[in-house]
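Breakdown of the fold
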Amino acid sequence: MSKWCQNLLLQIYLHFPEVIQHVTLPGDTFSSGGAADGSSCKLDVLVHRLVTLLADVGDSKSVEGRVSDANLACRRLAVSHPVLLLRHLPMIAGLLHGRIHLNMQEFRQQNHMTFFSNVLAILELLQPLVFHSDHQRALQDCLLSFMKVLQNFQRSRSPLIFINKFLQFTQKYITHDAAAAIPYLQKHSDILQSLCAENPDLVQLKSLLAGLTLPVKSSSADVTTEDRDDDLSTGSLPLVNISAPFTLSAADMTMYLKKMSKGEAVEDVLEVLTEVDEKSRRSPEIIQYFTNDLQRLMTSSEDLSRNMAFSLALRCIQNNPSLATDFLPTFMYCIGSGNFDVVQTALRNLPEYVLLCQEHADILLHKAFLVGIYGQIDTSSVISESMKVLHMEATT
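Residues numbered from 1 in each chain as written. Predicted model: local features only at pLDDT ≥ 70, side-chain atom pairs only at ≥ 80, totals over all residues. Heavy atoms only, no water.

In the nomenclature of an unreviewed UniProt entry, the protein corresponds to Integrator complex subunit 1 from the organism Ameca splendens.

So, in structure tokens, the structure goes:
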């Protein structure tokens, strides 16, 4: 009966995703997401369109804008409705696989690396559901495409940021389901070995390869004393946990927070924002340590500090869309601020933020409308652009 009820809830959700706001569902209700049972979903067409736009390549400004909008929408979807996106994981895997035959010149010039990077970032947001057994085949197809592309980068400048993120994701896959991950990675260890030979300084990759030499046990209870002796005699290294490629030390955090505190010189604040901006390009997750200060600086009358704070805040939300609502009070305050420059900065960033905070788009746009009416500021173009982005009409 429990299983039937879960299936019924899943079918209701697939046809009316908005019910997620009104009910608390068991944690494993959406583990498979109805991906394998041939069920339909009223948003399949929309998600298919988003994924297709995400995979678009081109060097025109209009194409770049469409890809950026689709990326933000997919990232938000991965956080708020992961099931709806996971249904299309086989399609994503196919779009990746269709590009691995390209040589490096074609791959770089046609901007395919952007698509691969965006997909990897979305897979990170889909954890842990993406590791469910129903998604194993599509997930492994995606991983193979990543490895094939990295293999093609040999004897050329390797994309180290992408490699590090791929290794981190692979480590999490192993941690979540070693019985499925390790045999698969062992099967393709030749690619990883050649990648390691080309990048001997990648400690994370060496750790991964060392871990792949360990035997896989179904459970710790099945391991006998004789098995443990055999493991020790193999001389294989333990799987080393792969950390983020760049982190802030406690001393750095203390120094940065002190310099960003209220009352500090503008020059010190800008210095910290610049350093955080540079370091976050490799590890955007570090921005979330400064959210309180960023929200304060978003209301600042100092132009450079305010603009950088808005930029970092949006990058933080892009990396982790679940943080979007944390910035809602600040955005609302900025839109209605008595400082004209603060209002203009908020309005300029409103379309992107609305896309990342869709569940509160109505109050954000209503606030912008009121500002336009009573503040004698033309907000019509911003509201129009926000609506286009929300409805993906900006892609036509």
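More follows now that the structure is in view.
Bringing the pattern of salt bridges into the picture now. Applying the stated criterion across every chain, the model contains 8 salt bridges. With its nearest N and O atoms 3.9 Å apart, the salt bridge here joins Glu275 to Lys279. One end of the pair, Glu275, and the other, Lys279, are both in helix H15 (residues 266–280), 4 residues apart, so they sit about a helical turn from each other. Assessed through its relative accessible area of 24%, Glu275 is described here as partly exposed. Residue Asp277 is joined to Arg315 by a salt bridge in which the shortest nitrogen-to-oxygen separation is 2.8 Å. Residue Asp277 is found in helix H15, and its partner Arg315 is found in helix H17 (residues 303–319); the two are separated by 38 residues along the sequence. Here Asp277 falls in the buried class, since its relative accessible area comes to 13%. Each of Asp277, Arg281 and Arg315 takes part in salt bridges that share partners, so that together they form one network. (Salt bridge = Lys/Arg side-chain N within 4 Å of Asp/Glu carboxyl O. Helix = DSSP H or I, 4+ residues; strand = E, 2+ residues; numbered from the N terminus. Buried < 20%, exposed > 50% of the residue type's maximum accessible area, 1.4 Å probe, protein only.)

The subject of this paragraph is the nonpolar core. Counting residues in hydrophobic clusters, the biggest one holds 113 residues, and the most contacted among them are Phe116, Leu123 and Phe146. With 9 residues, helix H19 (residues 340–356) is the largest single contributor of residues to this core. Setting aside anything within four residues of it in sequence, one finds Phe116 in contact with Leu96, Arg99, Ile100, Phe107, Ser145, Phe146, Val149 and Phe162. (Core = buried A, V, L, I, M, F, W, Y, C linked by side-chain atoms within 4.5 Å. Contact = heavy atoms within 4.5 Å.)

Moving on, we come to helix H21 (residues 380–390). Restricting attention to buried positions, one finds in H21 the residues Val382, Ile383, Ser386 and Val389. End-on view of H21: buried residues confined to an arc of 125 degrees, all on one side of the axis. (Arc of directions from axis to C-beta.)

So, on to the packing of aromatic side chains. By the definition in use, this model includes 10 aromatic pairs. Ring geometry for Phe116 against Phe146: centres 5.9 Å apart, planes inclined by 65 degrees, an arrangement best described as edge-to-face. Here Phe146 lies in helix H8 (residues 136–152) and Phe116 lies in helix H7 (residues 112–125), a separation of 30 residues in the sequence. The pair formed by Phe116 and Phe146 is uniform in burial state, with each residue classed as buried. (Phe/Tyr/Trp six-rings, centres within 6.5 Å; stacked < 30°, edge-to-face > 60°.)

As a volume, the second largest pocket reaches approximately 580 Å³. Elements represented by at least two residues in the lining of the second largest pocket include exactly helix H3 (61–80), H7, helix H9 (160–176) and H17. Looking at which element gives the most residues to the lining of the second largest pocket, the answer is H7, with 6 residues. Looking at side-chain class alone, the lining of the second largest pocket contains 9 nonpolar, 6 polar and 5 charged residues. (1 Å grid on protein atoms, 1.4 Å probe; cavity = no way out; pocket = protein on both sides within 12 Å on 5 of 7 lines; lining within 4 Å. Points joined across faces, edges and corners; volume = space filled by probe spheres on them. Nonpolar A, V, L, I, M, F, W, Y, C, P; charged D, E, K, R; others polar.)

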